[in-house]
Amino acid sequence: MNEELQKLKDLLYSEDSESIIVEIKNMKNSLYLHIFAANYNWNCGFEVPNAILSNENCDFGTGLLMFYHADGYRLLESKDVISPSTSSEWTDFISKLYEKIFDNDFSNKSISFTPPLTKVQASKLRKSNPSNPDIFFDKSPGNDIEIPVL
C-alpha cells in the first residue's frame, strides 16, 4: 500500500473525530475523498460524510456514492420516508445531499459512479416516483475508479 493510501487508512480508523474532520475539510484530492467515503463505516454517523460533502473538492461521483451508501434508495422509493420519527441526522444529511445532486452542485465530475441498481429496481423507482430525476439512476460522468479496501 502506498504512503497516501496508508495515511487514508490511518485516518479512517482513527478515533479522534475532530482530527478526521479537519483532515477531510483540508483534503485537496477528490480521489482520496472518494476512497475515504467508499470505505467509511456509515454506522459511525454523519459528521464525517458532511465534512466530505462540504469539501469543495468533493466529486459528483462521490456525492452519488454517498447517497447510496447512506441509504438514499429509501428516499427515491418515497419522499414520505422523511418524517418526524426518522433520525434527524440522517434526514438532514440525505436531504442536503439529494438537493446537491439534484442541483448538480459539484465542481468536479472526474470520478464515475454507477448506482447499485438493477434495471428492474431502477424501472420500479422511476414508475413509482416519476419525479425522481435520471441523475440518480444513471452512471455519473468521469473515469471508472477501482476503489481499494482500506
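Presented here is a report on the structure given in the accompanying data block. Everything quoted here is computed from the prediction, not taken from an experiment.

**Observations regarding the overall build of the protein**
The helix and strand tally for the protein stands at eight helices and zero strands. Reading the helices (α) and strands (β) of the protein from amino to carboxyl end gives α-α-α-α-α-α-α-α. Relative to its length of 150 residues, the protein is compact, with a C-alpha radius of gyration of 15 Å against a globular reference of 15 Å. Each principal axis of the C-alpha atoms in the protein carries an extent, and together these give about 45 × 35 × 25 Å. Here the protein holds 150 residues, and the buried ones make up 45% of them.

**Side note on the state of the cysteines**
Covalent bonding between the sulfur atoms of two cysteines is what defines a disulfide. Evaluation of the coordinates by the stated rule reveals zero disulfides. With no disulfide partner, Cys-44 has as its closest neighbouring cysteine sulfur the one in Cys-58, 19 Å distant. On the basis of relative accessible area, Cys-58 is assigned to the buried category, the value being 2%.

**Considering the nonpolar core**
Core analysis: the largest hydrophobic core is formed by 45 residues, its most contacted members being Ile-24, Phe-36, Ile-52, Met-66, Phe-67 and Tyr-68. Within the residue set of this core, elements represented by two or more residues are α1 (3-12), α2 (17-26), α3 (30-39), α4 (47-54), α5 (60-69), α6 (73-77), α7 (88-102) and α8 (119-128). Contact partners of Met-66, with chain neighbours within four places excluded, come to Ala-37, Trp-42, Pro-49, Ile-52, Leu-53, Cys-58, Phe-93 and Leu-97.

**Regarding α2**
Because each turn of an α-helix spans 3.6 residues, side chains separated by three or four positions in sequence point in the same direction. Those residues of α2 not exposed but buried are Ile-20, Ile-21 and Ile-24. With its buried residues spanning 95° around the axis, α2 presents them on a single face. Away from its buried face by more than 90 degrees, α2 exposes Glu-18 and Asn-26. On its buried side, α2 packs onto α1, α3 and α4.

**Topic: unusual backbone geometry**
Positioned with a positive phi, Asp-71 is a non-glycine residue whose angle comes to about 70°. The topology assignment puts Asp-71 in the loop between α5 and α6. Taking relative accessible area as the criterion, Asp-71 reaches 33% and is therefore assigned partly exposed. Its identity as a non-glycine residue notwithstanding, Asn-104 has a phi of 55°, on the positive side.

**Some details on the packing of aromatic side chains**
Applying the stated criterion across every chain yields a total of 11 aromatic pairs. Here the aromatic residues Phe-67, Tyr-68, Tyr-98, Phe-102, Phe-113 and Phe-136 are joined through ring pairs into a cluster of three or more. One Lys or Arg, Arg-74, reaches over the ring of Trp-90 and ends 4.3 Å from the middle of that ring. In this structure, Lys-100 packs its charged tip against the face of Phe-106, placed 5.0 Å from the ring centre.

**Looking at α3**
Taking burial as the measure, the 10 residues of α3 include nine buried ones, the bulk of the element. Looking at the packing, one finds that the buried side of α3 touches α1, α2, α4 and α5. Residue Asn-29 occupies the N-cap position of α3, its side-chain oxygen lying 2.8 Å from the main-chain nitrogen of Leu-31.

**Overview of a negative patch on the surface**
Residues Asp-16, Glu-18, Glu-47, Glu-89 and Asp-92 make up a contiguous surface patch of negative charge. Assignment of secondary structure puts Asp-16 in the loop between α1 and α2. With a relative accessible area of 40%, Asp-16 lands in the partly exposed category.

Rules and cut-offs
Residue numbers run consecutively from 1 along every chain, following the written order of its sequence. The model is predicted, so local features are restricted to residues of pLDDT at least 70 and side-chain atom pairs to those at 80 or more, both for listing and for counting; the totals for chains, interfaces and linings are taken over all residues. With hydrogens and water excluded, all non-hydrogen atoms of the structure serve as input to the side-chain values. Think of it this way: any DSSP run of H or I at least four residues long counts as a helix, any run of E at least two long counts as a strand, and we number them from the N terminus. The atom set for the radius of gyration is the C-alpha atoms, and the globule formula is 2.2 Å times the number of residues raised to the power 0.38. Here's how the labels work: a residue is buried when its accessible area is under 20% of the maximum for its type, exposed when over 50%, partly exposed in between, all with a 1.4 Å probe on protein chains only. The criterion for a disulfide is a pair of cysteine sulfur atoms lying within 2.5 Å. For this analysis, a nonpolar core means a set of buried residues of the types Ala, Val, Leu, Ile, Met, Phe, Trp, Tyr and Cys, connected via side-chain atoms within 4.5 Å. In this description, contact between two residues means that some pair of their heavy atoms is separated by no more than 4.5 Å. An arc is given here, and it is the one of the directions from the helix axis to the C-beta atoms. Pairs were defined over the aromatic rings of Phe, Tyr and Trp, the Trp ring being its six-membered one, requiring ring centres within 6.5 Å. Orientation was assigned from the angle between planes: stacked under 30 degrees, edge-to-face over 60, tilted for the rest. Over a ring means this: the NZ of a Lys or the CZ of an Arg is within 6 Å of the ring centre and within 35 degrees of the ring normal. In the analysis that follows, any N or O atom pair within 3.5 Å is treated as a polar contact, provided that within protein one partner can donate a hydrogen and the other can accept it, and provided that, for residues neighboring in sequence, both atoms belong to side chains. Patch construction takes residues with relative accessible area above 30% that form no salt bridge. Like charges are linked within 9 Å, and nonpolar side chains (Val, Leu, Ile, Met, Phe, Trp, Tyr) are linked within 5 Å. Exposure was quantified through the Shrake-Rupley algorithm and a 1.4 Å probe, taking into account, for residues, occlusion by the shown protein chains and nothing else. Throughout this description, the term salt bridge denotes a Lys or Arg side-chain nitrogen within 4 Å of a carboxyl oxygen of Asp or Glu. The positive count covers Lys and Arg only, the negative count covers Asp and Glu only, and His and the chain ends enter neither. Throughout, a charge is located at the NZ atom of Lys, the CZ atom of Arg, the CG atom of Asp or the CD atom of Glu.

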